[in-house]
Amino acid sequence: MSDLLRGIGYDAGVLYEKDFESNPGFSAEAARRDFRAIREELGCEAVLIMAGDDGRLATAAECAAEAGLAVWLQPRPFDQPAAVLRESVRTAAAIAERLRTAGASAGLVVGCELTLSTPGMLPGSTFWRRGSLLTLTFPLLPLANLRLRRLLKGLAREARERFAGPISYGAGEWEHPDWSDFDVVGLDRYPEDHNAWRFEDELRATVERAHADGKPVHVFEFGSCTYRGAAAKASTASGVLGGRDELTVPRTLVRDEPEQAEYLLTALDLFERVGVDGAFVWGFSEPALVRSDEPGRDLDLASYGIVSAHEDGTWTPKQAYHALARRYGGRAA
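It should be emphasised that the depicted structure is a prediction, and the values quoted were computed from it without experimental measurement.

### Regarding the state of the cysteines
- As enumerated under the stated definition, the model contains zero disulfides in all.
- Here C44 stays free of any disulfide, with the sulfur of C63 as its closest cysteine sulfur at 17 Å.
- Unpaired in this structure, C112 has its nearest cysteine sulfur neighbour in C225, at a distance of 15 Å.

### Observations regarding the packing of helix 2 (residues 54–66) against helix 3 (residues 82–101)
- It is at 10 Å that the axes of helix 2 and helix 3 come closest, and there the two elements cross at 20°. Between helix 2 and helix 3, the angle is such that the two are roughly parallel. In this structure, the crossing between helix 2 and helix 3 has a hand that is right-handed. Packed against helix 2, whose contacting residues are D54, L57, A58, A61, E62 and A65, the element helix 3 presents S88, T91, A92, I95, R98 and L99 at the interface.
- A class-by-class count of the residues in the contact of helix 2 with helix 3 yields seven nonpolar, two polar and three charged.

### Re helix 7 (residues 141–162)
- Spanning 22 residues, helix 7 covers 31 Å between terminal C-alpha atoms, matching the ideal 32 Å at 1.5 Å per step.
- By the burial criterion, the buried members of helix 7 are L141, A144, N145, L148, L151, L152, G154, L155, A156, E158 and A159.
- Buried residues along helix 7 sit against helix 3, strand 6 (106–112), helix 4 (114–117), helix 6 (134–137) and strand 7 (167–170).

### Topic: empty space enclosed by the protein
- Considering all chains together, one arrives at one cavity of 30 Å³ or more under this definition.
- Lining the largest cavity, in full, are P75, R76, P77, F78, L85, G111, C112, L114, S117 and T118.
- Looking at the lining of the largest cavity, the elements that each hand over two or more residues are strand 6 and helix 4.
- In terms of residue class, the lining of the largest cavity is made up of six nonpolar, three polar and one charged.

### A few points about the layout of surface pockets
- Estimates place the volume of the largest pocket at around 1600 Å³.
- Along the walls of the largest pocket sit 48 residues, with F127, W128, S235, S238 and G239 positioned nearest its centre.
- Those elements giving two or more residues to the lining of the largest pocket turn out to be strand 2 (15–17), helix 5 (127–132) and helix 6.
- Counting residues per element, the lining of the largest pocket draws most heavily on helix 5, which supplies four residues.
- Class assignment for the residues of the lining of the largest pocket results in 20 nonpolar, 13 polar and 15 charged.
- Taken as a whole, the second largest pocket spans an internal volume of roughly 510 Å³.

### Considerations on the packing of aromatic side chains
- Under the definition given, this model contains 15 aromatic pairs.
- Joined through ring pairs, the aromatic side chains of Y10, F35, F284, W315 and Y321 make up one cluster.
- Directly above the ring of Y328 sits R6, whose terminal nitrogen or CZ lies 6.0 Å from the centroid.

### Thoughts on the pairing of strand 5 (residues 70–75)
- Of all six residues in strand 5, six are buried; the element is thus mostly enclosed.
- As paired strands, strand 4 (residues 46–51) and strand 5 are joined by six bridges and run parallel to one another. Paired with V47 across the bridge in strand 5 is V71.
- The handedness of the strand 4 to strand 5 crossover, carried by helix 2, is right-handed.
- Where strand 5 meets strand 6, three bridges bridge the pair, whose relative direction is parallel. By the bridge assignment for strand 6, V71 is matched with A106.

### A word on the pairing of strand 4
- Most of strand 4 sits out of view: six of its six residues are buried.
- Both strand 1 (residues 5–11) and strand 4 contribute to a ladder of five bridges, which runs parallel. Paired with G9 across the strands is L48, a residue of strand 4.

### Focus on helix 10 (residues 319–328)
- The complete set of buried residues in helix 10 reads A320, Y321, A323, L324, A325 and Y328.
- As for helix 10, its buried residues are in contact with strand 1, helix 1 (28–41), helix 9 (257–274), strand 10 (278–281), strand 11 (307–309) and strand 12 (315–317).
- One or two residues past the end of helix 10 sits G329, with phi positive at roughly 80°.

Basis of the calculations
Residues numbered from 1 in each chain as written. Predicted model: local features only at pLDDT ≥ 70, side-chain atom pairs only at ≥ 80, totals over all residues. Heavy atoms only, no water. Disulfide = S-S within 2.5 Å. Axes fitted to C-alpha atoms, helices over the stretch in contact; angles between N-to-C directions. Helix = DSSP H or I, 4+ residues; strand = E, 2+ residues; numbered from the N terminus. Parallel < 35°, antiparallel > 145°, perpendicular 65-115°, else oblique. Left-handed = near helix turned anticlockwise from the far one by under 90°. Contact = heavy atoms within 4.5 Å. Nonpolar A, V, L, I, M, F, W, Y, C, P; charged D, E, K, R; others polar. Expected span 1.5 Å × (residues − 1). Buried < 20%, exposed > 50% of the residue type's maximum accessible area, 1.4 Å probe, protein only. 1 Å grid on protein atoms, 1.4 Å probe; cavity = no way out; pocket = protein on both sides within 12 Å on 5 of 7 lines; lining within 4 Å. Points joined across faces, edges and corners; volume = space filled by probe spheres on them. Phe/Tyr/Trp six-rings, centres within 6.5 Å; stacked < 30°, edge-to-face > 60°. Lys NZ or Arg CZ within 6 Å of the ring centre and 35° of its normal. Pairing = 2+ DSSP bridges. Right-handed = clockwise from strand over helix to strand, strands pointing away.

Written out as structure tokens, the structure reads:
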């Protein structure tokens, strides 16, 4: 087994749009069940917990620590003013410090792709809209990155006032933080067709620079959906979701669990080759995207989760779950 930190992302509930909450049935009981599986069945060592609500973030973090996992907290108040983000980071830092002083391994990720999730960085009225416009607004990225670095410097300072453990940020491929503000270089990186020719070389160069500065590198987000062809466009594969009053997926999609599993294993091989220190699969479950036998209603096809979520709050493992357990030495192997 390699020295790569074995991690996974856990969604405790994010309000991505006013009518789309990613984990509507969150509870401490369900979280404890999930973290036991993550630690014992998958063999993960660490979890990145994301939530838009401070209370959920605290509850999930405590449950994960109880399960013996190293906990990274990531507040996600999407489409909220910077002042709200700052307050969420302050609260998350205090939660992380409570965990740390109680003996748990804890870290703080002060944000994720904030040029898209925070209003005012780039044109667009919502997170989804800013993301869809990114190919058109790329000439504005130098200005957006200037704004980002200014925001991150303040967030890092406030986090350090409340938390004595490691802090990081989840940077999109188009973002360029000042990593001198952080203890860990944190990246959201999806190998896919459009970047295949440069992905490994660029990531290796990033890792080498970070290591030269004495900083570890964690890939905090990578993964793919569960339909045939999703791996080729992994970072945007969930874009097949549509519908106005109710979410749907194209009836032509074909479930392909082996492709999702192979994508994760191939990415992990790549991360090991270039010297990445930690990798967090995205993700364990996307509870709002439930599985269905009805054509066009099987939202699990557009889910990055390695388990299929069901209407009653239960889940069943996908092939990626067992592949990851074999890779990590978990009981489910």
